[in-house]
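Read off the chains here:
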Amino acid sequence: MVDIQDLAEKLVTRALRLGADACDVAAVSSSVVVAEMERGSVKQASTIRDTGVGIRVFRKGSPGFACATGTEMGRALKALELAVSQARAGTPDPAFKDLPRPGRATRTSGLYDRRVADLQPAEVVEMAIELTDAARTHAKIYSVNAGISAGSCQAAFCNSNGITRRQSFTAFEIGAESVAKDGEVMFSGMDASWSRRLQKSEVVRVGQTASSYAMRGLRRTRIPTGDYAVVLDPIAAGHILATAIGGGANADNVQRGRSYLGGKVGKAVGVDSLTVWDDPTVDWLSGSFSFDGEGTPARRKAVIERGVLRSLLHDSYTAGKDCVRSTGNSSRGGALWSYRRPPSIAPSNLIVSRGDSSLDEMLEETRRGVYLRVTYDHPNLATGEFSGMMMESFVIQDGALGDSILQSTIGIDLLEMYRRIDLMSRETRYAFGVSVPYMRVSRARIGGSA
Amino acid sequence: MEDLAELAIEKAMGAGAQFADLRIEESTSTSILIMDGKTKTMSSSSEEGIGIRAFFKGAWGFSSTNLLTKSPVRDAAVTAAKMAKSAQKRAKAEFELEDRAAVLADEKYPCREPPTDVTSEEKLSLALLLDRMMREHHESISSTSVRYDDEVVDRLVANSFGTRVRTHEVWTLAACSAWASSEGVIQRGHSSIGSIGGFELMRTDAVTGIAAESAAQAVRLLDSVPAPAGKFTVVLDNKMTGIMAHEAFGHACEADGVLAGASVLEGRLGAKVAHESVSLCDDPTIEKSFGYFGYDWEGTKARRRTLIEAGRLKGFLHNLETSSRMKAQPNGCARAQAYSSPPIIRMSNTFVAPGGVSKEELIEEVDHGILIMGSQYGYVEPAKGQFMFKGDEAYEIARGELGQRYRDVSISGVILEVLQNVVAVADDFVLTDPGYCGKSGQEARVSDGGPHICISNMVVGGLV
């Protein structure tokens, strides 16, 4: 059995001999078990084992990257030669300063849960059945499609400045879609959960939540176009903010003049109550790590603090350009590392400040509004404008949640949205890499079909 | 490859599978990303592996490994069969797969200049040329990106019916993005070109055209304003018609979603689902397209699928399983992102067939509406029956004339209503940009297109 740390170290040494100025290698071995349910019945069980190396080299600042499956030295060396030849072929880039240097290592707890790594396919299938049963709580639930994924990964990292590190992750993900049907009317409710630890209680919660929104959505209405107060569910808020803040504060986007947050560090971008941390050190969150994709130790930093943009998200390249230290936001994939792509800037976990309200209080204080539960749209990072479909949304009328809204859109300028947040809940949820409360935005443009 | 395939099928069937299939792949790919005139990434990958699927009384087991030697392949085959049997014990639904004739084929995608024979320097030089063309287009261009991708795959699909299909797949793609800025306003334009085939595609004038188109679009959008929100009559250009065909209807025709009870088209075969002027097809056999394939990833020969004919729902997109369960013929829609993923039902080249009026006549007939052009992205939830897609740029139409330019226009619609609201279909058919469609965590190369079409009562998402 090849030791992946040893393989990574040997490849770095060999890269320097081949003429690379700098090099890093990630050797990854992962295993994922997935159980998928279709219409309430077990459809497929899968195991996927994947091992390989990703090699990045620099020559005069020009990067080359190659990956190879497996741990066989001959294949890895071929990939290394390819990476070096690509770096030679590329354009020199004086903006590249250096890869990270060894420093005090941090150790984040809550990255690896042996119970997840040891899960057998039959156990994952049993949990998926439990999930499906929970998602079928009413006779009108017509179909349940759901899945559970349990994965583990060992990642060895080594660079030419002497950083040699290893970390192990687990990931436990649950997703369910309940479809309710009443005559010709169909509506689906979804819910999901992401964690690094086994959370059996989440299985039932996710199923029940999907089912309850599917049933609630059967009563449908159309609303006229206009300005409405919008209460954002953490599912919708997480999806929007992951790109709006995660992508907007990406230092590469800012340095290239492609972000609406360009030139705004130190300036107010939202209400005083809005604070957003990028924090890879939180136990068991899917974006947590001990060191990032370039070996930089994990650290918590404020991106927005009391409404003021404080920090961008950097890797070593953008940090070198701005003469600051890397914030440790070089990513090698999602919850589990991948060796197939070169690292790129991404948020770890975005943690949005809590408020002192509750969802019920928010609804009670909203006479006429919209509750947006799910959208899969992305903001335009260049303009800072967001317009998209309200995939799952409900009317708020006289302080109560009402019918689901058919065929409607939402449009708002992101900076206006940050300024118009007037209520945030104490309760938070983690969705799409963002831990976020329920939020109320006092006004947004809703395109309706009434 | 063949020996390992025989071994895997034998072991999976020996371990109790009723049916087994596999995909063994060896692939190499190149990806170059240029940003602002400098290489951001230049990457290559060299992969090999096998994914084995076993079927037992209505349940599937899947296992993959990238160790292509006898012992791990044998283990993966037995694991897949065991997982299918274990899953079946807890399955409520039981069904059989119909026996199908073995397919024996060896297909090489047309390719004059394999990307593996072209040096990294030459690929880079093309990308740098496109980058320079964008930056030199106009003084307001402030940032640029160029992406070049190619992939060469040698794939064997084998199954226990005796199918052995070897495919030598090759495709290339280039994409340009330009950002223009002026007086604090930043706008982005983009364009791409891609097809199956080799580097010869990158030597055509059409490639340099995408650089000019991206830069020109970014500059044009500088004087655009946010779109109004509300209900409008819209005219969709070729790209928007294509993404509507894909998102608003194609996904709902995927038979796996229909069987899962997650498509509003369930039970509507033969029903009127669109205006009689609308016919909609999915066709992987169009050569020189990004969605081309001759045999699908289960070994079924690909063919054109008519989904809507003169407004009526004619058929669904099938694989071996769904065709068995729905008493239909398999029509070659199974595709897997790579050996490490099980094949699922996917679209290929999806389009609306051309109509009989000119584009100009179509626009002239609109008294008050919006012309929406280009496509950024779209998505759909077939169970809710709702979809959205977003255009690059748009224009107000007033009494048949184009007026104010808008940006970032999104459209939201209801699957069972949108095509009923088609007012007219133009005759200017174009199969448009290459793209990737995401489903169940897998990506597939696709393209889409059609003519300009006019639709009433569409909900437009805007900021004002």
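Residues numbered from 1 in each chain as written. Chains lettered and ligands numbered in written order. Predicted model: local features only at pLDDT ≥ 70, side-chain atom pairs only at ≥ 80, totals over all residues. Heavy atoms only, no water.

Trainee: Quick question: what am I supposed to make of the pairing of strand S4 (residues 141–159) of chain A here?
Mentor: Regular strands show a simple pattern: their side chains alternate between the two faces of the sheet. Residues and elements named next belong to chain A. Counting buried residues in S4 gives 17 out of 19 residues, a clear majority hidden from the surface. Judged from the 14 bridges that link them, strand S1 (residues 22–38) and S4 form a sheet pairing that is antiparallel. Counterpart to Ser 29 in the pairing with S4 is Gln 154. Pairing of S4 with strand S5 (residues 164–182), which is carried by 17 bridges, proceeds in the antiparallel orientation. Looking across to S5, one finds that Ser 152 is bridged to Thr 170. In this antiparallel pair of consecutive strands, S4 and S5, the connection spans four residues, and Gly 162 shows a positive phi of 100 degrees. (Buried < 20%, exposed > 50% of the residue type's maximum accessible area, 1.4 Å probe, protein only. Helix = DSSP H or I, 4+ residues; strand = E, 2+ residues; numbered from the N terminus. Pairing = 2+ DSSP bridges.)

Trainee: Is there a simple way to think about the nonpolar core in this case?
Mentor: When a protein is soluble and globular, its nonpolar side chains tend to lie buried together. Core analysis: the biggest nonpolar cluster contains 52 residues, and Val 234, Leu 236, Met 244, Phe 249, Ile 372, Leu 419 and Ile 455 of chain B have the highest contact counts within it. Of all the elements, helix H5 (residues 238–250) of chain B adds the most residues to this core, at six residues. Within the second largest apolar cluster, 48 residues are counted, among which are Ala 244, Val 303, Phe 386 and Val 436 of chain A. (Core = buried A, V, L, I, M, F, W, Y, C linked by side-chain atoms within 4.5 Å.)

Trainee: Just checking my understanding: could you explain helix H2 (residues 73–89) of chain A for this structure?
Mentor: An α-helix turns once per 3.6 residues; consequently, residues spaced three or four apart project the same way. Relative to the 24 Å expected for 17 residues at 1.5 Å per residue, H2 of chain A spans 24 Å between its end C-alpha atoms, a close match to the ideal helical length. Residues of H2 of chain A that are buried: Arg 75, Ala 76, Leu 77, Ala 79, Leu 80, Ala 83, Val 84, Gln 86, Ala 87 and Ala 89 of chain A. In the core, the buried residues of H2 of chain A are packed alongside helix H1 (4–17), strand S2 (41–59) and strand S3 (62–69) of chain A together with strand S1 (19–35), strand S2 (38–56) and helix H3 (120–137) of chain B. N-capping of H2 of chain A is provided by Glu 72 of chain A, with a side-chain oxygen placed 3.1 Å from the backbone N of Gly 74 of chain A. (Expected span 1.5 Å × (residues − 1). Contact = heavy atoms within 4.5 Å. Polar contact = N/O pair within 3.5 Å; in protein donor to acceptor, adjacent residues only side chain to side chain.)

Trainee: Which parts of the structure should I look at to understand unusual backbone geometry?
Mentor: Trans peptide bonds make up most of the peptide bonds, and negative phi angles are found at most residues other than glycine. Residue and element names in this part refer to chain B. At Asp 36, a position not held by glycine, the phi torsion is positive, near 50 degrees. Tracing the sequence through the fold places Asp 36 in the loop between S1 and S2. Positive phi, close to 50 degrees, is recorded for Lys 57, a residue that is not glycine. Structurally, Lys 57 is set in the loop between S2 and strand S3 (59–65).

Trainee: Can you walk me through the pattern of salt bridges in this structure?
Mentor: Any two side chains of opposite charge can pair, given that their charged atoms come close. Taken as a whole and assessed by the stated rule, the structure comprises 65 salt bridges over all chains. Here Arg 53 of chain B makes a salt bridge to Asp 21 of chain B, at a shortest N to O gap of 2.8 Å. In this pair, Arg 53 of chain B is assigned in strand S2 and Asp 21 of chain B in strand S1, connecting sequence segments 32 residues apart. Just as Arg 53 of chain B is buried, Asp 21 of chain B falls in that class too. Overlapping salt bridges bring together Asp 191, Glu 202, Arg 205, Asp 233, Arg 373, Glu 392 and Arg 429 of chain A together with Glu 381 and Lys 384 of chain B as one network. (Salt bridge = Lys/Arg side-chain N within 4 Å of Asp/Glu carboxyl O.)

Remember that the coordinates give geometry; whether it matters functionally is a separate question.
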